[in-house]
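What the coordinates show
Listed here are the chains, written in short residue letters.
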Amino acid sequence: MTERPTLFWISGSTPAWRVMLALTLKGVAFESRRLDTGKDENRQAQYLALNPKGQVPTPVWGDVVIRESLAILGWLDRAFPARPIWGQDAAEAASVWQDVALLIEDLHPHLSEVGLGLMRREVIPKEAITALEAETDAWCVRLEASNYLGGTAPMASDIWLYPALYWIGRGVALNANPPVSLTDFITSRPALAAWRARMAALPGVADTYPPHWRTS
Ligand SMILES: N[C@@H](CCC(=O)N[C@@H](CS)C(=O)NCC(=O)O)C(=O)O
């Protein structure tokens, strides 16, 4: 077994960012293997042997090779139990899972519709924005009551939400005339803005920001 896991990732991939964030928050040192999609590095036979879909993230640790970001977060907590991200006990674990399931079920469809629309520079239906705002506001109520969705420390729910929300900012940055209400999507929500700043200030988290977003 090699000492450190190796993480294969692509800059700007939300699932890969999620796993990098989990490794960072848990303080697990890892070898970073960024793949360049422009060079089809994720389509080479050697990588396809690890991940037949040619997708990221894929961590490799000795014989252990895992696909699917949520499964990876689950594995990480068992393989590296210090600084848990799925709660300290059974009840907390259920609560974190519940939040992750609800984020995927209730928030993700709206985030995807609006985020993808922005990325593709499409006209986004007003109802889609209203639905995203309503769902986001419901999560803000939670963040008004505690520092993190996970309570006093970030959990898998926070790890899921942090990169996902950057979709909106990234999409806005790519558009000449983005819908006005999306330009201050985070800053107009003080609890969300404070949470994101709190997350960003945790050791190493700022370094997980997709490198190519800094320049293009
Ligand atoms: N459900 C997977 C999704 C993985 C995924 O969609 N990865 C995308 C980047 S966001 C990818 O690797 N795309 C490269 C490709 O398909 O060529 C997970 O959560 O890990």
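Not measured: the values here are computed from a predicted model. (Residues numbered from 1 in each chain as written. Predicted model: local features only at pLDDT ≥ 70, side-chain atom pairs only at ≥ 80, totals over all residues. Heavy atoms only, no water.)

A short note on the overall build of the protein chain
Counting secondary structure elements, the protein chain contains 8 helices and 4 strands. For the protein chain, the α and β elements follow one another from N to C terminus as β-α-β-α-β-β-α-α-α-α-α-α. Taking 17 Å as the expected radius of gyration for a compact globule of 216 residues, we find that the protein chain reaches 17 Å, a close match to that expectation. Projected onto its principal axes, the C-alpha positions of the protein chain cover 50 × 45 × 30 Å. Counting across all 216 residues of the protein chain, residues that qualify as buried make up 45%. Across the protein chain, the centroid of the 20 positively charged side chains sits 6 Å from that of the 23 negatively charged ones. (Helix = DSSP H or I, 4+ residues; strand = E, 2+ residues; numbered from the N terminus. Rg over C-alpha atoms; globule rule 2.2 N^0.38 Å. Buried < 20%, exposed > 50% of the residue type's maximum accessible area, 1.4 Å probe, protein only. Lys, Arg positive; Asp, Glu negative; His and termini not counted. Charge placed at Lys NZ, Arg CZ, Asp CG, Glu CD.)

As for the UniProt feature "domain: GST C-terminal" (unreviewed entry) in the protein chain
Mapped onto the present numbering, the UniProt feature "domain: GST C-terminal" (unreviewed entry) falls on residues 89-216. End-to-end, the C-alpha atoms of residues 89-216 are 43 Å apart, and along that stretch the chain is 65% helix and 0% strand. (UniProt positions renumbered as here; feature names shortened; annotations may be inferred.)

Observations concerning unusual backbone geometry
Cis geometry is adopted by the peptide bond preceding P57, which originates at V56 and carries an omega value of 5°. As for its placement among the helices and strands, P57 is situated in the loop between α2 (45-48) and β3 (58-61). Of note in this structure, D40 is not a glycine but carries a positive phi near 55°. Mapped onto the secondary structure, D40 falls in the loop between β2 (31-34) and α2. For D40, a relative accessible area of 42% corresponds to the partly exposed category. Residue E68 is not a glycine yet carries a positive backbone phi of 75°.

Re the pairing of β2
As defined by bridge partners, strand β1 (residues 6-9) adjoins β2 across 4 bridges and the pair is classed as parallel. Its bridge partner being in β2, L7 is matched across the sheet by S32. With helix α1 (residues 14-26) bridging β1 and its parallel neighbour β2, the resulting β-α-β unit is right-handed. (Pairing = 2+ DSSP bridges. Right-handed = clockwise from strand over helix to strand, strands pointing away.)

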